[in-house]
Amino acid sequence: LEVAEAFAKMKTRPKRSLIFVLFTAEERGLIGSQYFVNHPPVPLKQIAAMINADMIGRSKKSTLRLGGAGTSLLFKKLIKQSNQGLDLKIISADSGIAPSDNTSFVKKKIPVLFYFTGLHKDYHRPSDKINLIHYKDQAKICKHLFRTALALANYKKKIDYIQVKPPPRLG
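Focus: the pattern of salt bridges
Once their charged atoms are close, side chains differing in charge can pair, the charge on each being opposite to the other.
Phase 1 of the analysis: Going through the model one piece at a time under the given rule, you end up with 4 salt bridges.
Phase 2 of the analysis: Between K9 and E5 there is a salt bridge, and its shortest N-O distance comes to 3.1 Å.
Phase 3 of the analysis: One salt-bridge network, held together by shared partners, links R58, D122 and D128.

Have a look at this one:
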């Protein structure tokens, strides 16, 4: 929401429109994001890219995991540029397939970036308290996400999509 507010306060609008969406029922099978891509408010071909921020509050030592880095040739360079002065430790994966809403977009051949700081023992438990959020790292991650989204929104060319083989399933 902070990123959306930052875009809303900009005096100069980006060249592309941005749509901010809060999905529901991810844990029940990506129901909200699947509904969105099957009933989009604009034609899917107009959606240049999707950025998903899922569980970004519990980073360890300023570490950010970024999935989907290989779904566009543009992304790896952009990830590095957006990190200037933030010094996040970024662990990237090429695939955009994950147990999160970005998967619904990858299946429609839309490039994605999946911002994530990792699972933790309090995931979906009453023990997941607000005092466990790492606010300084979360602010850096949001700044990175904002910079990335702004660069994508102002990118003059069509953002390419590269189909990446999904990671092997374990277990």
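Thoughts on the side chain of T103
Phase 1 of the analysis: Relative to the helices and strands, T103 resides in helix 4 (residues 102–106).
Phase 2 of the analysis: Its relative accessible area of 4% is what places T103 among the buried residues.
Phase 3 of the analysis: Here A98 takes part through its backbone oxygen, which lies 2.4 Å from a polar atom of the side chain of T103.
Phase 4 of the analysis: The contacts of T103, once residues within four sequence positions are left out, are L30, G96, I97 and A98.

Comments concerning helix 5 (residues 135–154)
Phase 1 of the analysis: When the terminal C-alpha atoms of helix 5 are compared, their 28 Å separation across 20 residues agrees well with the 28 Å that a helix rising 1.5 Å per residue should span.
Phase 2 of the analysis: All of the buried residues along helix 5 are D137, I141, H144, L145, T148, A149, L152 and A153. Taken down its axis, helix 5 places every buried residue within 165° of arc, on the same side.
Phase 3 of the analysis: Considering only its buried residues, helix 5 is in contact with helix 1 (2–8), strand 1 (50–53), strand 2 (63–67), helix 3 (75–82), strand 3 (89–92) and strand 4 (112–116).

So, how was this worked out
Residues numbered from 1 in each chain as written. Predicted model: local features only at pLDDT ≥ 70, side-chain atom pairs only at ≥ 80, totals over all residues. Heavy atoms only, no water. Salt bridge = Lys/Arg side-chain N within 4 Å of Asp/Glu carboxyl O. Helix = DSSP H or I, 4+ residues; strand = E, 2+ residues; numbered from the N terminus. Buried < 20%, exposed > 50% of the residue type's maximum accessible area, 1.4 Å probe, protein only. Polar contact = N/O pair within 3.5 Å; in protein donor to acceptor, adjacent residues only side chain to side chain. Contact = heavy atoms within 4.5 Å. Expected span 1.5 Å × (residues − 1). Arc of directions from axis to C-beta.

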